[in-house]
Amino acid sequence: MRASSALGCCAIGLVACIGAAVAGGGFAATPAPERPAAQQTIDKRATTPLPPVRAPADLGDEAFAHVRALTGFGPRHSGTPGWSQQLDYIERHLRALGLEVRRDTWTDRKELLTFTNLSAVIPGRRPERIVLACHHDTKCMQGHADPAHNFHFVGANDGASAVALLLALAPVLQRAEREATLELVFFDGEESLDWAWNEGVRALFGSKRFVQRHRDALLLGQEARIEALILLDMVGRADLHIQEELYSTERLRQIVWSAAVACGHQRHFYQRAEAASDDHKPFLDVGIPAVDLIDLNGNPYWHTEQDTIEHMAPASLQITADVVLTMLPEVERVYVLAGR
Ligand SMILES: [Zn+2]
């Protein structure tokens with residue numbers, strides 16, 4: 001099976017299924033650009049016993065309230081009123097926690113669009129960082145040649161859910177003693193400007209920018225290394241299913257699965273496997289271990305007018321939060337304390 005129909009209409013490009021030949025997919029006329037190949041699925045019988053870490057009982061509700069507020073801003077791609085309102089909302093909530101927020105705004109010279117990444121650091125005892133990230137932009141559903149692609153899109157799951165979850169997790173992460181420094185990052189411009197993914201050429205603007213700036217800063221000795229990325233994308237659907245995303249670093253996929261098992265949430269994880277191009281790709285491209293927690297495969301609301309809060313559930317956000325909190329100490333142990 002190859003997600004050929006999705007290839008024609010995605011912002012997160014489905015590019016390969018397990019057991020499928022990856023190669024150039026539906027773009028035979030174009031030479032496939034260099035990209036990491038999708039990998040084999042993990043052996044799900046081999047789990048690492050991890051102590052479950054439960055999120056506070058009201059975290060899902062809190063995140064859900066953020067989703068409601070964010071979707072109330074309407075579409076949130078560059079240049080919309082909702083885009084500005086959402087940036088202010090994220091910044092305000094992080095600042096209220098006492099976090100310093102970095103706003104990186106730039107104009108893409110080719111697209112003539114202005115993008116903004118937001119980030120905030122939660123210091124640990126060591127400077128080496130684990131990045132927890134999401135994208136805040138929603139896919140632009142206007143101005144497409146095909147009228148069927150133009151509609152009011154609020155991206156409750158595709159965009160708002162992961163933003164909301166990071167905001168709700170931030171105070172919990174602040175309270176925990178940790179060796180590694182954590183950085184919360186909200187990428188702009190994840191979605192493809194074209195309706196189709198088109199190999200991601202006109203997408204992933206924020207994550208590409210972030211990785212480039214990190215590499216520059218690393219060379220100048222201005223930043224400590226990023227040891228791992230945990231990416232969240234679409235984590236609040238009522239019928240939550242986080243697929244095993246096959247570009248993600250194998251060891252990190254094992255940790256996600258082990259955390260899901262430890263929390264008793266395995267029903268919602270890794271029942272299906274498929275590679276998806278997302279904001280973790282620029283990290284993987286430069287050798288930074290990364291994992292994408294994404295509910296794309298089999299998600300009927302993806303990039304439709306039905307991606308609304310009615311199809312979301314606080315319990316799903318709670319489940320994702322449990323797994324993130326449970327996997328974090330192990331990610332820290334494997335990638336920061338033990339080296340790699
Ligand atoms: Zn999307």
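See the structure above.
What comes next is a walk through the structure. Quick caveat, the model's predicted, so the values are computed rather than measured. (Residues numbered from 1 in each chain as written. Predicted model: local features only at pLDDT ≥ 70, side-chain atom pairs only at ≥ 80, totals over all residues.)

### Some details on the nonpolar core
Then step 1. In this structure, Val-163, Ala-164, Leu-165, Leu-166, Leu-229 and Val-256 are the most contacted members of the largest nonpolar core, which totals 91 residues.
Then step 2. Looking at which element gives the most residues to this core, the answer is helix α8 (residues 314–337), with 11 residues.
Then step 3. Other than its neighbours up to four places away in sequence, Leu-229 contacts Val-131, Ala-133, His-280, Phe-283, Ile-288 and Ala-290.
Then step 4. Counting residues in hydrophobic clusters, the runner-up holds five residues, among them Phe-115, Trp-197, Ala-203 and Leu-204. (Core = buried A, V, L, I, M, F, W, Y, C linked by C-beta atoms within 7 Å. Buried ≥ 20, exposed ≤ 12 C-beta atoms within 10 Å, placed from the backbone. Helix = DSSP H or I, 4+ residues; strand = E, 2+ residues; numbered from the N terminus. Contact = placed C-beta atoms within 7 Å.)

### Quick word on the pairing of strand β4 (residues 129–135)
Then step 1. The element β4 is largely enclosed, with a buried count of seven among its seven residues.
Then step 2. Covered by surrounding structure in β4 are Arg-129, Val-131, Ala-133 and His-135 together with Ile-130, Leu-132 and Cys-134, the residues of both alternating faces.
Then step 3. In this structure, β4 lies alongside strand β5 (residues 181–187), joined through seven bridges in parallel fashion. Note that in β5 the partner of Ala-133 across the bridge is Val-185.
Then step 4. Handedness of the crossover joining β4 and β5 through helix α4 (residues 156–175): right-handed. (Pairing = 2+ DSSP bridges. Right-handed = clockwise from strand over helix to strand, strands pointing away.)

### Describing the sheet that holds strand β3 (residues 113–122)
Then step 1. Read from one edge to the other, the open sheet built from six strands follows the order β2-β3-β5-β4-β6-β9, with strand pairing classed as mixed. The sheet is open, and its two borders are formed by β2 (101–108) and β9 (290–294), each paired with just one other strand. In this sheet, neighbouring strand axes are inclined to one another by 20 degrees on average, regardless of whether the strands run parallel or antiparallel.
Then step 2. Note that β3 and β5 share five bridges and pair antiparallel. Note that in β5 the partner of Ser-119 across the bridge is Val-185.
Then step 3. Sitting on the sheet, helix α3 (residues 81–96) touches β2, β3 and β5, and the angle it makes with β3 is about 15 degrees. (Axes fitted to C-alpha atoms, helices over the stretch in contact; angles between N-to-C directions.)

### Things to note about α8
The periodicity of an α-helix, 3.6 residues per turn, causes residues three or four places apart in sequence to face the same way.
Then step 1. Given a rise of 1.5 Å per residue, 24 residues ought to cover 34 Å, and the 33 Å separating the end C-alpha atoms of α8 matches this to within 8%.
Then step 2. Where α8 bends most, the angle comes to about 30 degrees, and this point is Met-327, followed within four residues by the proline Pro-329.
Then step 3. Extensive coverage of α8 is indicated by the burial of 18 of its 24 residues. (Expected span 1.5 Å × (residues − 1). Bend = angle between axes of the 7 residues up to and from the residue.)

### A few points about the environment of Pro-329
Then step 1. With respect to the helices and strands, the residue Pro-329 is situated in helix α8.
Then step 2. On the neighbour-count criterion, Pro-329 (19 C-beta atoms within 10 Å) is partly exposed.
Then step 3. Between the alpha carbons of Pro-329 and Leu-50 there is a distance of 9.1 Å; along the sequence they are 279 residues apart.

### Observations regarding the packing of α4 against α8
Then step 1. Close contact between α4 and α8 brings their axes to 11 Å; oriented N to C, the two are set at 55 degrees. Taken as axis vectors, α4 and α8 run oblique relative to one another. Crossing of α4 over α8 shows right-handed handedness. Residue-level contacts link Ser-161, Ala-164, Leu-165, Leu-169 and Val-172 of α4 to Leu-317, Thr-320, Ala-321, Val-324 and Leu-325 of α8.
Then step 2. Of the residues that constitute the contact of α4 with α8, the class distribution is eight nonpolar, two polar and no charged. (Parallel < 35°, antiparallel > 145°, perpendicular 65-115°, else oblique. Left-handed = near helix turned anticlockwise from the far one by under 90°. Nonpolar A, V, L, I, M, F, W, Y, C, P; charged D, E, K, R; others polar.)

### Things to note about the packing of helix α6 (residues 250–263) against α8
Helix packing geometry: the angle between the two helix axes and the distance between the axes.
Then step 1. The interhelical angle for the contact between α6 and α8, taken along N-to-C directions, is 135 degrees, at an axis separation of 8 Å. Relative to α8, the element α6 is oriented oblique. In this structure, α6 crosses over α8, and the sense of that crossing is right-handed. When α6 is examined against α8, the residues Arg-251, Leu-252, Ile-255, Val-256, Ala-259, Ala-260, Ala-262 and Cys-263 are found in contact with a partner set consisting of Asp-322, Val-323, Thr-326, Met-327, Glu-330, Val-331 and Val-334.
Then step 2. Residues that form the contact of α6 with α8 fall into these classes: 11 nonpolar, one polar and three charged.

### Remarks on the pairing of strand β6 (residues 226–233)
Then step 1. Of all eight residues that make up β6, eight are buried, and the element is covered over most of its length.
Then step 2. With five bridges joining them, β4 and β6 adopt parallel strand pairing. Among the inter-strand pairings, Ala-133 is bridged to a residue of β6, identified as Leu-231.
Then step 3. In the sheet, β6 pairs with β9 via five bridges, with the strands oriented parallel.

### Focus: α3
Then step 1. Its 16 residues place the ends of α3 23 Å apart at the C-alpha level, agreeing with the 22 Å of an ideal helix rising 1.5 Å per residue.
Then step 2. Among the residues making up α3, those that are buried are Gly-82, Trp-83, Gln-86, Leu-87, Tyr-89, Ile-90, His-93 and Leu-94. Viewed end-on, α3 has its buried residues packed into an arc of 160 degrees, placing them on one side of the element. The exposed set on the far side of α3, more than 90 degrees from its buried face, consists of Pro-81, Asp-88, Arg-92, Arg-95 and Ala-96.
Then step 3. Of the surrounding elements, those touching the buried residues of α3 are α2 (59–71), β2, β3, α4 and β5.
Then step 4. Once α3 ends, the next one or two residues include Gly-98, with phi positive near 85 degrees. (Arc of directions from axis to C-beta.)

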